[in-house]
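Results of the structural survey
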Amino acid sequence: MATRPHVCTQRPLPADMMKFQSTVRRGGTTRAIIPIGKLWMNGSTLRVRFIGGTAAQHAKAKEQALWWTQHANLTFDFNNAPDAEIRITFDSSDGAWSYVGTDNRGIPLDQPTMNLGFMEGGTAGHEFGHAIGLAHEHQNPAGGIEWNEAVVVRDLSGPPNNWTEPMIRHNVLNKYRADQVNGTTFDPASIMLYFFPGSWVKSGVGTEQNEVLSATDKAYIASARAYPKTAPTVVDAKEIKVGATRRTSASIGKAGEEDLFKFTVTAGGTHTIDTRGPTDVVMKLFGPDSPTALIAEDDDSGVDTNALIRGDLIPGLYYVQVRHYNKATGQGSYTVKVRRG
């Protein structure tokens, strides 16, 4: 029997398990590879803890993780902090997998967020791609891959993957909807694309095993749609006062721009953060005292196409990230305010 390929598991949160379903593209627009809502705040430092593993395994994981930070405005701190955002095991019986982007913060601290059960080629680089928010390239809505589903299910149901059919459909067969992702057209050279044999594809032409970041991977992760090094970071966040009489004016001055704000809660209780104006924006709230702990994200809960987040906040420092809904071309002015109640 021919050797069957190792395939990574892109682990979803339970609430996301059934979201990635094929459908027509929204407005004919091609988007791909980064699921909306999974990116960390630009300029974030992501701490990494190794749970087991050898010194050689640790060194290889570090080396390939840094492939991304050469281009993205992110930093990995391998400090083994107990509450690290990324926690890695090396269980050879559990394959290779990772949660995606900010989903990592939703995993209990006593559990791993990534497993490197095999590390041949660029596997660790691939998994760190998931950890910073990238999806599998073969699930790109623009990918055009037509699967021999029965063959894929048969092969992945057996070793070395031993997956259930729902896992197979989530990780291989189902494509993202175009309105669930941001990105490029299909990139056959992406490190986020695994090798698939020709027998799995109706055309008979499989995919290549990509061991390093492609030119498109590098350009995209550094672009305005992901983690541009020229964009504001946490240290540049503009301070806004809770309960200020006047709203804070702001503007998305160029496509892909993200504005960052911070505010301090001194007395716990219900707080509302909202935007106003003619611009269709998306807002994220992080904290307390952490630019990587995503609390909530909202698109249109405010007036018209404005964003609104309301929740009970404990004392601490919070961060607000605002971007245009259309990261490709969107621009426009808006105001933002934080108030109690």
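Now for a description of the structure that goes with this document. Not measured: the values here are computed from a predicted model.

Our focus in this paragraph is the overall build of the protein chain. The helix and strand inventory of the protein chain stands at 5 helices and 17 strands. Counted over contacts in the protein chain with a minimum sequence separation of 6, partners at least 24 positions apart contribute 80%. Approximately 14,300 Å² of the protein chain is accessible, and the part contributed by carbon and sulfur atoms is 52%.

The subject of this paragraph is the sheet that holds strand E12 (residues 269-276). Ordered by their spatial adjacency, 4 strands build an open sheet running E10-E17-E12-E15, and the pairing between neighbours is antiparallel. A strand with exactly one partner marks an edge of an open sheet, and here the two such strands are strand E10 (248-252) and strand E15 (308-313). Taken pair by pair, the neighbouring strands of this sheet meet at an average axis angle of 25°, ignoring direction. One ladder, built from 5 bridges, connects E10 with strand E17 (residues 332-340); its direction is antiparallel. Bridged to Ile-252 within E17 is Gly-332.

Moving on to the environment of Asn-174. For Asn-174, the position within the fold is in the loop between helix H4 (165-173) and strand E8 (181-182). Asn-174 sits 27 residues away from Trp-147 along the chain, and the two C-alpha atoms are 9.9 Å apart.

A separate point is the nonpolar core. Counting residues in hydrophobic clusters, the biggest one holds 29 residues, and the most contacted among them are Trp-68, Ile-86, Ile-88, Phe-128 and Tyr-227. At the level of elements, strand E3 (45-51), helix H1 (55-69), strand E5 (86-89), strand E7 (114-116) and helix H2 (123-131) are the ones that each hand at least two residues to this core. Counting residues per element, this core draws most heavily on H1, at 4 residues. Contacts of Ile-88, omitting those with residues within four sequence positions, involve Val-48, Arg-49, Phe-50, Ile-51, Met-114, Leu-116 and Phe-128. Counting 19 residues, the second largest nonpolar core, distinct from the first, contains Phe-263, Val-281, Leu-313 and Tyr-334.

Time to look at unusual backbone geometry. Residue Pro-288 is reached from Gly-287 by a cis peptide bond, and omega for that bond is -10°. Along the chain, the position of Pro-288 falls in the loop between strand E13 (281-286) and strand E14 (294-298). Notably, Asp-289 is not glycine yet its phi reads approximately 60°, a positive angle. For Asp-289, the location among the structural elements is in the loop between E13 and E14.

In this fold, Lys-218 is placed in helix H5 (residues 215-221). Of the residues examined, Lys-218 reaches a relative accessible area of 36% and is grouped as partly exposed. Considered as a pair, Lys-218 and Thr-69 are 149 residues apart in the sequence and their alpha carbons are 9.7 Å apart. Leaving out residues up to four positions away in the same chain, Lys-218 has contacts with His-71 and Leu-213.

The subject of this paragraph is the packing of H1 against H2. Interaxial distance between H1 and H2 falls to 8 Å at its minimum, and their mutual angle equals 55°. In this view, H1 runs oblique relative to H2, as classed from their interaxial angle. The chirality of how H1 crosses H2 is right-handed. Within the contact between the two elements, H1 uses Lys-60, Ala-61, Gln-64, Ala-65, Trp-67 and Trp-68 and H2 uses Thr-123, Ala-124, Gly-125, Phe-128 and Gly-129. Of the residues belonging to the contact of H1 with H2, the class tally is 6 nonpolar, 4 polar and 1 charged.

What counts and what doesn't
Residues numbered from 1 in each chain as written. Predicted model: local features only at pLDDT ≥ 70, side-chain atom pairs only at ≥ 80, totals over all residues. Heavy atoms only, no water. Helix = DSSP H or I, 4+ residues; strand = E, 2+ residues; numbered from the N terminus. Contact = heavy atoms within 4.5 Å. Areas by Shrake-Rupley, 256 points an atom, 1.4 Å probe, with all protein chains shown as cover. Pairing = 2+ DSSP bridges. Axes fitted to C-alpha atoms, helices over the stretch in contact; angles between N-to-C directions. Core = buried A, V, L, I, M, F, W, Y, C linked by side-chain atoms within 4.5 Å. Buried < 20%, exposed > 50% of the residue type's maximum accessible area, 1.4 Å probe, protein only. Parallel < 35°, antiparallel > 145°, perpendicular 65-115°, else oblique. Left-handed = near helix turned anticlockwise from the far one by under 90°. Nonpolar A, V, L, I, M, F, W, Y, C, P; charged D, E, K, R; others polar.

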